[in-house]
Amino acid sequence: MKTFTHYLLLCAIAVVCVFPFWWTLVTAISTEGNIFAFPPTFWPNQPSFENFIEVFKAIPIWSFFRNSILIAACTVFWKLALCSAAAYPLARMHFKGRKLVFGLILATLVLPSEVNFLVNFITVTKLSLVDTYTGVILPNVVTAVAILLLKQAFEEVPQDLIDAARVDGASEWTIFSKIMLPLIAPWLATVGILTAVEAWNEYIWPSIVMSKPDEFPLSVGVLYLRGTFGSSTRVIAAGTILTILPTLAAFLFTQRFFMRGMDGAVK
């Protein structure tokens, strides 16, 4: 009975999580019926891919795809490089003020990201990075959550292994790059997946920094499906599905790395 209750609860949670995506998909492939009917329609009426074809006609979606891939890839690369370089000394080196530095990093977790928009925009403006991909990527390459996860990963590596490398004459850079990073690969994969999804779905910050439509990422470019004098909810839903599918597919193919990294983080 206890097992049945657990499965029932999991099924209920799954329904709640999947329903928005399913409703959007049904709306995107339907051509008839009231979209906002209650109770909602759970199966498409007169299914067709016309709305998806309309998306490709209405906006340069391949250009938006390319821009999103570029932004996400650069964000992942620089976040893994910088956050791992910050987490390693906090985890394995002893220096004055280490606890204070780590405490200040953790203190940033209490601030919502929106609070940083004004400061980040002023900084990006002063650096002449408005309307550039660098301006979109730069504020997201270092986060407290990534440093915290990678610091914990470094701390789980046995100290004896590091001491043996130092006895053999290995430098700190060699220990970091040749020993530590390969050992925490699952955690790096976890941070990379989370960063890629976050960068792909980011809407507010790119829409603030970027003003050239041909350089918009997909999350911002889909907004152009909403016309000046009218819009089709079905076409917008189709555009939303096209935006979601890459991250969904990427997560499905990399979930084993994600789960291994999260399992290590919990331990």
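Refer to the structure presented above.
Worth saying up front: this structure is predicted, and the values here are computed from it rather than measured.

Colleague: Got a sec to walk through the overall build of the chain? Specific residues and values, please.
Modeller: Looking only at helices and strands, one finds 13 helices and zero strands in the chain. Helices and strands appear in the chain in the N-to-C order α-α-α-α-α-α-α-α-α-α-α-α-α. Overall, the C-alpha framework of the chain stretches about 70 × 60 × 30 Å when taken along its three principal axes. For the chain, the proportion of its 267 residues judged to be buried stands at 36%. Sequence separation of at least 24 residues holds for 71% of the intrachain contacts in the chain that already meet a minimum separation of 6. As presented, the chain carries roughly 16,000 Å² of accessible surface, and 70% of it is formed by carbon and sulfur atoms. In the chain, which carries 18 positive and 16 negative side-chain charges, the distance between the mean positions of the two groups comes to 5 Å.

Colleague: Residue-level account of the packing of helix α3 (residues 61-92) against helix α7 (residues 144-155), with values.
Modeller: Relative orientation of the contacting elements α3 and α7 amounts to 50°, with a least axis distance of 8 Å. In terms of their interaxial angle, α3 and α7 are classed as oblique. Seen from above, α3 lies across α7 with right-handed handedness. Residues K79, C83, S84, A86, A87, Y88, L90, A91 and R92 of α3 form the contact with α7, whose participating residues are A146, I147, L150, K151, F154 and E155. Considered class by class, the residues forming the contact of α3 with α7 number ten nonpolar, one polar and four charged.

Colleague: Summarise a nonpolar patch on the surface; cite the residues concerned and give the values.
Modeller: On the surface, a cluster of nonpolar side chains totalling about 560 Å² of accessible area is made up of F121, V130, Y203, I204, I208, L223 and Y224. Its location among the elements puts F121 in helix α5 (residues 117-126).

Colleague: Break down the environment of R234 for me, citing the residues and quoting the values.
Modeller: The residue R234 is located in helix α13 (residues 233-266) in this model. Accessibility expressed as a relative area gives 13% for R234, which makes it buried. For R234 and T24, which are 210 residues apart along the polypeptide, the C-alpha to C-alpha distance reads 8.4 Å.

Colleague: Just give me the short version of the environment of N120, but keep the residues and values in it.
Modeller: Within the secondary structure, N120 is located in helix α5. Owing to a relative accessible area of 23%, N120 belongs among the partly exposed residues under this scheme. With 123 residues separating them along the chain, N120 and T243 place their C-alpha atoms 26 Å apart. For N120, the contacting residues outside a window of four places in its chain are P139 and W205.

Procedures and definitions
Residues numbered from 1 in each chain as written. Predicted model: local features only at pLDDT ≥ 70, side-chain atom pairs only at ≥ 80, totals over all residues. Heavy atoms only, no water. Helix = DSSP H or I, 4+ residues; strand = E, 2+ residues; numbered from the N terminus. Buried < 20%, exposed > 50% of the residue type's maximum accessible area, 1.4 Å probe, protein only. Contact = heavy atoms within 4.5 Å. Areas by Shrake-Rupley, 256 points an atom, 1.4 Å probe, with all protein chains shown as cover. Lys, Arg positive; Asp, Glu negative; His and termini not counted. Charge placed at Lys NZ, Arg CZ, Asp CG, Glu CD. Axes fitted to C-alpha atoms, helices over the stretch in contact; angles between N-to-C directions. Parallel < 35°, antiparallel > 145°, perpendicular 65-115°, else oblique. Left-handed = near helix turned anticlockwise from the far one by under 90°. Nonpolar A, V, L, I, M, F, W, Y, C, P; charged D, E, K, R; others polar. Patch = residues over 30% accessible without salt bridge, like charges linked within 9 Å, V, L, I, M, F, W, Y side chains within 5 Å. Salt bridge = Lys/Arg side-chain N within 4 Å of Asp/Glu carboxyl O.

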